[in-house]
Amino acid sequence: MNQAQSPTSVEQLVDGLFAGTERLLRELETDASDETLAATVAELLDVVSAVDDLLETIDFERLPEAVEISALPDLVEFDALPDAIRERNPDPALDLGRLEDVIVLRELWNTVDVVDFSRELRRLKRELEDVVGPGAFESADDTAAVTDVETYIEDIQPDAANAAFQQAAKQSATVARNGLLEAHSEFETLYVTTQRGREPASNNSTAVSTAPPGPLPAGVSASVSTVPTNVRQARVDAIPRIYGRRWRTTARRR
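Summary of the structure given here. Fair warning: this is a prediction, and the values are worked out from it, not measured in the lab.

## Notes on the side chain of Gln 166
Here is step 1: Inspection of the secondary structure puts Gln 166 in helix α7 (residues 157–195).
Here is step 2: A residue is classified by how much of its surface remains accessible, and Gln 166, at 19% relative accessible area, is buried.
Here is step 3: Within the structure, Gln 166 has its side chain in polar contact with the side chain of Asn 162 (distance 2.9 Å).

Now the structure itself:
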């Protein structure tokens, strides 16, 4: 690294993690008391658990949909990569001031549980500070790349707050929907049971309704909805609507 260049917060954090982990491992190798060993292991396990819980807030199957792959090359100056690696500074090779061209916010909110992610990220930060020490995430000497990321995060805060509210509403609606599906399934089972074996009460064929008994068959009931799939200006995808034969197929997929 260039002697005239002060370490960035990222470098400080990485160095702190190495130093903190080394300290914990040395404690494990010494003749420390069982209580000390247990506390050391607990610190490491807390970090692992926090990382695991953070990752669980992300739907990695959908994550690629949140990235505009075609825009990624515009963020990288490939000829400058050797200099960036040599100087341990991403600025010569990265231009993260155009992240809005790369990240598809609507898909991001469908991929990340904003509330849980924020909570687990704060928890991970606390657990890491137990290893590297307080203040490890604070530095006045950040790279331009780090500053660009922080600026982007600040810019999308209002959108993230809106998305978090809509995610919470969607979760509540999902609970109510599951109860409705359960009730519908029980009602259908009861209806089939009570209708089994029933015959027309009259011998006069003209007195018998020509309408099919029971609920309309799937081919007759509505199979197409003209209601839009998603609400305009919504930050997250709506729950798929249920109509016609979807009552059965949706219930089976739960």
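## Observations regarding helix α6 (residues 144–155)
Here is step 1: For α6, spanning twelve residues, the distance from its first C-alpha to its last is 16 Å, which sits close to the expected 16 Å at 1.5 Å a residue.
Here is step 2: For α6, every residue scored as buried is listed here: Ala 145, Val 146 and Tyr 152. Looking down the long axis of α6, one finds its buried residues gathered within 125 degrees of arc, a one-sided arrangement. Facing away from the buried side of α6, by more than 90 degrees, are the exposed residues Glu 154 and Asp 155.

## Observations regarding a nonpolar patch on the surface
Here is step 1: Among the surface-exposed residues, Val 51, Leu 55 and Phe 60 lie close enough to one another that they form a single nonpolar patch of about 250 Å² accessible area.
Here is step 2: Within the secondary structure, Val 51 is located in helix α2 (residues 34–55).
Here is step 3: A relative accessible area of 34% means that Val 51 is categorised as partly exposed.

## Things to note about the nonpolar core
Here is step 1: Ranked by internal contacts, the top residues of the largest apolar core, which has 18 residues, are Leu 75, Leu 96, Leu 99, Leu 108, Trp 109 and Val 114.
Here is step 2: Looking at this core, the elements that each hand over two or more residues are α4 (105–111), α6 and α7.
Here is step 3: A total of three residues in this core trace back to one element, the largest contributor, which is α7.
Here is step 4: Filtering out sequence-adjacent residues up to four positions away, Val 114 remains in contact with Trp 109, Ala 160, Ala 163, Ala 164 and Gln 167.
Here is step 5: Counting residues in hydrophobic clusters, the runner-up holds six residues, among them Val 47, Leu 54, Leu 128 and Val 131.

## Overview of the pattern of salt bridges
Here is step 1: Applying the stated criterion across every chain, the model contains eight salt bridges.
Here is step 2: Arg 86 is paired through a salt bridge with Asp 83; the nearest N and O atoms lie 2.2 Å apart. Here Arg 86 pairs with Asp 83, and both are found in helix α3 (residues 81–87), just three residues apart, close to one helical turn.
Here is step 3: Classification of Arg 86 as exposed rests on a relative accessible area of 53%.

So, how was this worked out
- Residues numbered from 1 in each chain as written.
- Predicted model: local features only at pLDDT ≥ 70, side-chain atom pairs only at ≥ 80, totals over all residues.
- Heavy atoms only, no water.
- Helix = DSSP H or I, 4+ residues; strand = E, 2+ residues; numbered from the N terminus.
- Buried < 20%, exposed > 50% of the residue type's maximum accessible area, 1.4 Å probe, protein only.
- Polar contact = N/O pair within 3.5 Å; in protein donor to acceptor, adjacent residues only side chain to side chain.
- Expected span 1.5 Å × (residues − 1).
- Arc of directions from axis to C-beta.
- Patch = residues over 30% accessible without salt bridge, like charges linked within 9 Å, V, L, I, M, F, W, Y side chains within 5 Å.
- Areas by Shrake-Rupley, 256 points an atom, 1.4 Å probe, with all protein chains shown as cover.
- Salt bridge = Lys/Arg side-chain N within 4 Å of Asp/Glu carboxyl O.
- Core = buried A, V, L, I, M, F, W, Y, C linked by side-chain atoms within 4.5 Å.
- Contact = heavy atoms within 4.5 Å.

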